[in-house]
Amino acid sequence: MKVRTRFAPSPTGFLHIGGARTALYNWLYARHHGGAFVLRVEDTDAERSTKESMDVILDGLRWLGLEWDEGPGVGGEFGPYNQSERVSIYDRYLAKLEEAGQVYEDEGAIRFRVPDKDYTVQDEVCGEVSTNLKERGSTRFDAETKQEVAANPDIIIKRPNGGYIFHFVNVVDDIEMGITHVIRGEDHLSNTPKHLALYEAFDVAPPVFAHIPLNLNPNGTKMSKRDKGALIHEYQSEGFIADAVNNYMALLGWSGKDDQEIFTLSDLKERFDLGGVNKSNSKFDYTKCCWVNGEHLKKLPGDELQALANPFLEAAEIPIKDPRIEAALDLARERAQLLSEIPEVVATIFASEVEYDSDSVEKVVNREGMKEVVTALTNGLKTVGSWTEADIKSGIADAAASIEAKMGALMFPCRVATMGSTSGADLVPVLQLLGKEETVKRLEGFSTNYL
RNA sequence: GACCCGUUCGUCUAGUGGUUAGGACACCGCCCUUUCACGGCGGUAACACGAGUUCAAGUCUCGUACGGGUCGCCA
């Protein structure tokens, strides 16, 4: 049987890290097993669903590279893929239940009669979980009064206004779309017996279920929009690489059982399976997510790095067509974790005026004999013949020798004078990219303005 | 509150009865780089607690605690 998984977002907000990870696991499982990944839009709540939200979610999935085989924009033989367009299908399934006498009207809504029996979920992650809905549902906890109140355990499947409810449409569509594996958040584990009861009522064998642990914020509570790293579209603007985000999301709740931590999407596709999924919730760690991104940045082929970095370089007004850009990016990738950090590392190479960081200048300017040091540097570098890294280095060494100083004592001042800051890319390669003329100009400028 | 799920370094995790409990992020130290960083090496740091089963328990069982989830005419 061909594996068919689905991601079924409700277009009522942003694409959240939890949803994205669910999508990723479904995508990976389908791809790993040569199956199909279906995208279905659960927009039965007309009041809360918006097109803007849908666009954000679709864009997020596209950015992550989780392309779907069936769904909005691509079609498929089980469409339409928006639940709002599938009402006639739901009507048909409701008729089946009516015929069997399993539903009844209650204050305008339609309820499904829950059988008084145990339903056992055979979960690929959580194991066997049994529940009797009738027993469990005979009371309800009222959050305001904090008391148990009597409740009707029979589940509402249709609103008085005619709109169908999640549990019902979810099951009907999974049946209609031939979904074989339902991989979703553990928050649905307690709902699954309801779904099982519906599968039984329709006389259809349920799919394989896998409930994956939730991702929490560092405080151990539910991740909200305000938590760093919660919203997928922000990863893009903050300079993350999509594969790195996939990599980190995969790691929150799944392990390849060995020491490998850096995976491309294609590595994950090969390695991912339900057996590696954990049972316990995990807390999101933004710092590690950045580290993962940095590792991906280091491995990125030059042309891909260039393409991804361009928007950030342009925003910083760095000329992306400059012939030195490739070399500059290679310097930057060694020290940046995010694409957004690249401009600050390389900006000084392309700047017409050096921006001097006052703290850095402070550290250097008051040192004894600084004027001589910078003068020696200027003279030493002026005499360098071919402007190669090796010759620049020996030029600095010569300058050091001429004033009987250690080379190390010249590196820092040289860095500040030419780059404007104590931190940044490798000094010598930067000087090489700057060119002899510009380097000397900057040294002389620094000398006259600050010494 | 009832029911369900979970609990290994601060965090992500490896571990399926016998391990000096391993790795990664973070943190600290040393080295390298005659520069900031990268990198290399090393260090601090964990089996929630209590019983039981067993020659032997992080691994199995039960209880307790703690955390999370569900109990919608949201999904």
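Everything below is about the structure printed above this text.
This text gives an overview of the structure that appears in the document. (Residues numbered from 1 in each chain as written. Chains lettered and ligands numbered in written order. Predicted model: local features only at pLDDT ≥ 70, side-chain atom pairs only at ≥ 80, totals over all residues. Heavy atoms only, no water.)

1. Quick look at the nonpolar core
- Counting 103 residues, the largest nonpolar core has Leu61, Tyr235, Leu313, Ile342, Val346 and Ile349 as its most contacted members.
- The element that contributes the greatest number of residues to this core is helix H1 (residues 17-32), accounting for nine residues.
- Per-domain counts for this core show at least three residues from each of domain 1 (4-216) and domain 2 (351-450).
- In terms of nonpolar packing, the next biggest core, distinct from the first, is built from 31 residues, Tyr93, Val103, Ile179 and Ala197 among them. (Core = buried A, V, L, I, M, F, W, Y, C linked by side-chain atoms within 4.5 Å. Buried < 20%, exposed > 50% of the residue type's maximum accessible area, 1.4 Å probe, protein only. Helix = DSSP H or I, 4+ residues; strand = E, 2+ residues; numbered from the N terminus. Domains from an automatic or database assignment.)

2. Comments concerning the environment of Ala390
- As for its position among the elements, Ala390 is in helix H16 (residues 389-402).
- A C-alpha to C-alpha distance of 43 Å links Ala390 and Gly229, two positions 161 residues apart in sequence.

3. Overview of the protein's contact with RNA strand B
- Close to RNA strand B lie 57 residues, the nearest being Arg48, Arg159, Pro160, Glu261 and Arg415.
- Atoms of RNA strand B within 4 Å of the protein: sugar and phosphate make up 66%, bases the balance.
- Within the side chain of Glu42, one N or O atom sits 2.9 Å away from a sugar or linking oxygen of RNA strand B.
- One of the backbone N or O atoms of Gly424 is found 2.7 Å from a base oxygen in RNA strand B.
- Those elements giving two or more residues to the surface near RNA strand B turn out to be strand E7 (139-142), helix H5 (166-176), strand E13 (282-283), helix H10 (286-299) and helix H17 (407-419).
- Element by element, the count of residues in the surface near RNA strand B is highest for H17, at five residues. (Near = heavy atom within 4 Å. Polar contact = N/O pair within 3.5 Å; in protein donor to acceptor, adjacent residues only side chain to side chain.)

4. Some points on the pairing of E7
- The pairing of E7 with strand E8 (residues 147-150) spans four bridges and is classified as antiparallel. In the sheet register, Phe141 faces E8, and the bridge partner there is Glu148. (Pairing = 2+ DSSP bridges.)

5. Things to note about the side chain of Lys194
- Summarising the element assignment, Lys194 is placed in helix H6 (residues 192-201).
- Asp154 is the oppositely charged side chain nearest to the buried, salt-bridge-free Lys194, at an N-O distance of 11 Å. (Lys, Arg positive; Asp, Glu negative; His and termini not counted. Salt bridge = Lys/Arg side-chain N within 4 Å of Asp/Glu carboxyl O.)

6. So, the pattern of salt bridges
- Counted under the stated rule, the structure contains 24 salt bridges.
- Arg92 is the salt-bridge partner of Glu176, the closest N and O atoms lying 3.4 Å from each other. Residue Glu176 is located in helix H5, and its partner Arg92 is located in helix H3 (residues 87-99); the two are separated by 84 residues in the primary sequence.
- Residue Lys228 is joined to Glu238 by a salt bridge in which the shortest nitrogen-to-oxygen separation is 3.4 Å. Of this pair, Lys228 sits in the loop between strand E12 (215-216) and helix H7 (232-238) while Glu238 sits in helix H7, and the two are 10 residues apart along the sequence.
- Accessibility expressed as a relative area gives 47% for Lys228, which makes it partly exposed.
- Overlapping salt bridges, with partners in common, bring together Arg6, Arg40, Glu42, Arg86, Asp173 and Asp174 in one network.

7. A look at unusual backbone geometry
- Cis geometry is found at the peptide bond from Gly79 to Pro80, where omega equals -5 degrees.
- Assignment of secondary structure puts Pro80 in the loop between helix H2 (51-64) and H3.
- Despite not being glycine, Asp203 shows a phi value in the positive range, around 60 degrees.
- Positioned with a positive phi, Glu317 is a non-glycine residue whose angle comes to about 60 degrees.
- Its place among the elements puts Glu317 in the loop between helix H11 (302-315) and helix H12 (325-333).

8. Observations concerning the pairing of strand E3 (residues 103-106)
- Two strands pair when backbone bridges link them, and E3 and strand E4 (residues 109-112) are joined in this way by four bridges, in the antiparallel orientation. Within the sheet, the bridge partner assigned to Val103 lies in E4 and is Phe112.
- In this structure, the hairpin formed by E3 and E4 is closed by a connection of two residues, where Glu107 is found at a positive phi of approximately 55 degrees.

9. What about the packing of H16 against helix H18 (residues 427-434)?
- One can describe the packing of H16 onto H18 by two numbers: an axis separation of 9 Å at closest approach and a directional angle of 110 degrees. Of the possible angle classes, the one that applies to H16 and H18 is roughly perpendicular. As H16 runs across H18, the sense of the crossing is right-handed. In contact with Glu389, Ile392 and Ile396 of H16, H18 contributes Val428, Pro429, Leu431 and Gln432.
- When its residues are assigned to classes, the contact of H16 with H18 shows five nonpolar, one polar and one charged. (Axes fitted to C-alpha atoms, helices over the stretch in contact; angles between N-to-C directions. Parallel < 35°, antiparallel > 145°, perpendicular 65-115°, else oblique. Left-handed = near helix turned anticlockwise from the far one by under 90°. Contact = heavy atoms within 4.5 Å. Nonpolar A, V, L, I, M, F, W, Y, C, P; charged D, E, K, R; others polar.)

10. Concerning the layout of surface pockets
- Looking at the largest pocket, its volume works out to about 1,300 Å³.
- Along the wall of the largest pocket there are 40 residues; nearest its centre are Pro9, Ser10, Gly19, Asp187 and His188.
- When residues of the lining of the largest pocket are traced back to their parent elements, those giving at least two are strand E1 (4-7), H1, H5, strand E10 (181-185) and E12.
- Here the lining of the largest pocket gets five residues from one element, more than from any other, and that element is H1.
- Here the lining of the largest pocket is built from residues that sort into 15 nonpolar, 15 polar and 10 charged.
- Estimates place the volume of the second largest pocket at around 380 Å³.
- Taken together, the residues of the lining of the second largest pocket break down into nine nonpolar, four polar and five charged. (1 Å grid on protein atoms, 1.4 Å probe; cavity = no way out; pocket = protein on both sides within 12 Å on 5 of 7 lines; lining within 4 Å. Points joined across faces, edges and corners; volume = space filled by probe spheres on them.)

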